Amino acid sequence: MSRLKSLSDEYRQLRTRLEQGGGAERIKRQHDQGKLTARERVVALLDRDGPWVEIGLLVAWDQYDGQAPAAGVVTGLGRIGGRPVVVVANDATVKAGSWWPETIKKILRAQEIAMRQRVPIIYLVDSAGVNLPYQGGVFPGQYGAARIFYYNSIMRRYLKVPQISAVMGPCIAGGAYLPALSDVIFMVDGTSFMGLGGPNLVKGATGQVVDAESLGGASTHTGVSAVAHYRAKDDNECLTRIREYVQRLPHPPQQRRTHTAPKRDAKALYDLIPVDHRMSYDVRAVLEGLLDAGRLDEFQPDIAPEMLCGHGAIEGRQVAVIANSRGVIKPKKKGDVPRIGGIIYTESAEKVAYFIENADRERLPLLFIQDVSGFMVGTDAEHSGIIRAGARFVEAMATATVPKLVLTVNHASGAGYYAMAGQGFDPDFIVSWPTGRMGVMEGESAIQAVYGAEATKPENAAAVDTMRTDYEHQLDAKFAGARGFVDAIITPEETRDTLAFLLEVSTEFTGPHIGAFALPSVT
């Protein structure tokens with residue numbers, strides 16, 4: 001079995017487990033309360049058989065002794081009436097939907113997607129509030145819970161991004177500002193509660209005795225306080241009415257696009273990535289399984305062939321492709337040294353920088369296929385100006401105003417990871433195959449950097465083995481997914497459709513894609 005196949009199978013098993021949230025008993029408890037689960041709500045809300053790209057499924061999966069699957073919140077992208085939307089749904093089967101530190105990270109990422117792409121965002125609220133034992137990572141700080149409300153406000157006042165909230169369970173304390181700062185609020189009879197304090201807190205603070213419905217239920221907030229705007233009898237009616245609300249918002253009709261199937265079947269991609277991650281493979285064959293008709297119109301194919309640049313399409317959407325070509329590149333002239341694919345040389349950095357600048361002028365989205373080990377080092381590289389060329393590459397990528405998508409297929413190492421639109425440069429989306437390996441360098445390289453010739457000495461054996469094990473653990477794509485370093489891990493069969501949908505979403509906003517979001521002129 002190929003490495004990509006075995007890792008994909010392992011990931012599918014993990015995904016299935018995480019999608020169960022808090023487990024069967026807590027799902028039953030949710031149903032007994034007359035409520036759908038977070039994932040059932042998402043399915044009912046979105047177009048049937050439409051796309052669903054979940055963002056951050058793996059976040060926190062390897063923390064808190066496994067008690068925080070998906071950090072207690074489902075976030076992702078789908079369609080309503082053919083229109084792309086972002087969804088944030090608290091999973092009440094996980095610690096009553098309370099907010100862990102990583103919950104905040106996921107909500108903020110979902111909001112940033114809505115802000116950058118200018119697509120509606122829908123909050124399905126069912127949360128007991130802050131997970132108090134972890135409040136130190138939730139409440140304070142620049143990127144604490146307050147940032148959510150800051151983004152709410154920016155979207156309302158300046159970006160005009162539609163925000164729709166449905167309170168479908170408890171919504172307590174500061175969390176109530178999330179729906180309050182939305183454009184409209186839906187509530188559900190019998191199961192919704194929204195208040196700065198619940199009945200117990202009110203009794204302790206004021207001595208008043210009041211039931212939850214009278215204090216902050218659907219009838220109270222739609223008929224007395226006027227905080228909420230719409231009232232539904234149950235979850236299904238609430239979700240139907242949200243669909244109707246979104247579908248009446250102005251939006252250009254979706255264009256019908258014709259395209260040709262890839263040259264290579266997606267399942268063939270499994271056998272292209274070698275068992276040993278250090279070995280070479282044909283990146284053009286990978287592109288044949290992703291691009292329409294498998295066709296790439298290469299840019300300067302005879303210059304710096306270790307970096308592949310060209311134009312293609314994914315389900316009818318044009319894209320400028322930048323990919324690392326693995327393998328040994330034969331020298332052009334006798335006596336020259338062969339080049340190693342996956343390494344960025346001075347000539348290849350200059351080539352890609354020029355290509356990116358052209359794509360930016362032509363308003364073509366950029367797709368980076370990452371399998372990069374870093375920039376070349378050594379006397380020849382330094383004398384050729386690799387630092388300046390690398391800086392030009394990074395600057396061209398960082399300042400490009402067109403959408404940037406990243407697919408990590410293997411290595412994502414060193415400054416090469418940065419140049420190939422690493423997360424710190426705010427690509428619109430970054431996804432990875434299960435074979436992705438993200439780190440400063442590979443474990444063996446790190447061992448040599450730390451120990452050098454001492455690595456083989458018996459007295460260092462235990463420390464070297466520990467370091468090697470640590471690096472293998474941290475280079476696993478699931479490790480990156482658990483920390484939000486990638487938006488999603490996807491399998492080869494899912495890749496083309498996922499990239500096509502993300503391209504669709506990222507072209508919703510035709511303005512500059514710079515930073516987490518671009519503000520219009522504010523006066």
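Residues numbered from 1 in each chain as written. Predicted model: local features only at pLDDT ≥ 70, side-chain atom pairs only at ≥ 80, totals over all residues. Heavy atoms only, no water.

Chemist: Give a detailed account of the pairing of strand β11 (residues 317-324), specifying residues and quantitative values.
Modeler: Sheet faces and side chains relate simply in a regular strand, where the side chains alternate between the two faces. Most of β11 is tucked away: seven of the eight residues are buried. By the bridge criterion, eight bridges tie strand β10 (residues 307-314) to β11 in an arrangement that is antiparallel. Paired with G312 across the two strands is V319, which belongs to β11. In this antiparallel pair of consecutive strands, β10 and β11, the connection spans two residues, and E315 shows a positive phi of 50 degrees. For β11 and strand β15 (residues 366-372), the ladder comprises four bridges, and the chain directions are parallel. Residue pairing for β15: V321 is matched across the bridge by L367. (Buried < 20%, exposed > 50% of the residue type's maximum accessible area, 1.4 Å probe, protein only. Helix = DSSP H or I, 4+ residues; strand = E, 2+ residues; numbered from the N terminus. Pairing = 2+ DSSP bridges.)

Chemist: How would you sum up the nonpolar core? Please name residues and give values.
Modeler: Ranked by size, the top nonpolar core spans 71 residues in total, and within it L77, M155, I369 and W433 carry the most contacts. Apart from the residues within four sequence positions on either side, I369 is in contact with L287, L290, V321, I322, A323, N324, L407, V409 and M420. By size, the runner-up hydrophobic cluster in this structure holds 43 residues, among which are A359, I386, A419 and V486. (Core = buried A, V, L, I, M, F, W, Y, C linked by side-chain atoms within 4.5 Å. Contact = heavy atoms within 4.5 Å.)

Chemist: An account of the pattern of salt bridges is requested, with residue identities and associated values reported.
Modeler: Evaluated as defined, the whole model comprises 35 salt bridges. The partner of E504 in a salt bridge is R79, and the shortest N-O contact between them spans 2.6 Å. Of this pair, E504 sits in helix α19 (residues 492-506) while R79 sits in strand β2 (residues 73-80), and the two are 425 residues apart along the sequence. In this structure E504 comes out as buried when scored by relative accessible area, which is 7%. Given the relative accessible area of 19%, R79 is considered buried. R339 is the salt-bridge partner of E347, the closest N and O atoms lying 3.1 Å from each other. Three or more residues joined by partner-sharing salt bridges are found here, namely K5, D9, R12 and E493. (Salt bridge = Lys/Arg side-chain N within 4 Å of Asp/Glu carboxyl O.)

Chemist: So what's going on with the side chain of S432? Which residues, and what values?
Modeler: Topologically, S432 is positioned in strand β18 (residues 429-432). Taking the relative accessible area as the measure of exposure, S432 reaches 3% and is therefore buried. At a separation of 3.5 Å, a polar atom in the side chain of S432 contacts the main-chain carbonyl oxygen of T408. Ignoring sequence-local partners within four residues, the contact set of S432 consists of L407, T408, A477, V486, A488, I489 and I490. (Polar contact = N/O pair within 3.5 Å; in protein donor to acceptor, adjacent residues only side chain to side chain.)

Chemist: So what about the environment of G378? Which residues, and what values?
Modeler: Note that G378 resides in the loop between β16 (374-375) and α13 (379-383). Each C-alpha atom of the pair G378 and G174 lies 55 Å from the other, and the pair is 204 residues apart in sequence.

Chemist: Tell me about the packing of helix α12 (residues 346-362) against helix α14 (residues 386-399), residues and numbers included.
Modeler: Orientation of α12 relative to α14, taken along the N-to-C sense of each, is 20 degrees, at an axis distance of 8 Å. Taken together, the axis directions place α12 and α14 in an arrangement best described as roughly parallel. Remark: the crossing between α12 and α14 carries left-handed chirality. Facing T346, A349, E350, V352, A353, Y354, I356, E357 and D360 of α12, the residues of α14 in contact are I386, A389, G390, R392, F393, A396, M397 and T399. Considering only residue class, the contact of α12 with α14 consists of 10 nonpolar, three polar and four charged. (Axes fitted to C-alpha atoms, helices over the stretch in contact; angles between N-to-C directions. Parallel < 35°, antiparallel > 145°, perpendicular 65-115°, else oblique. Left-handed = near helix turned anticlockwise from the far one by under 90°. Nonpolar A, V, L, I, M, F, W, Y, C, P; charged D, E, K, R; others polar.)

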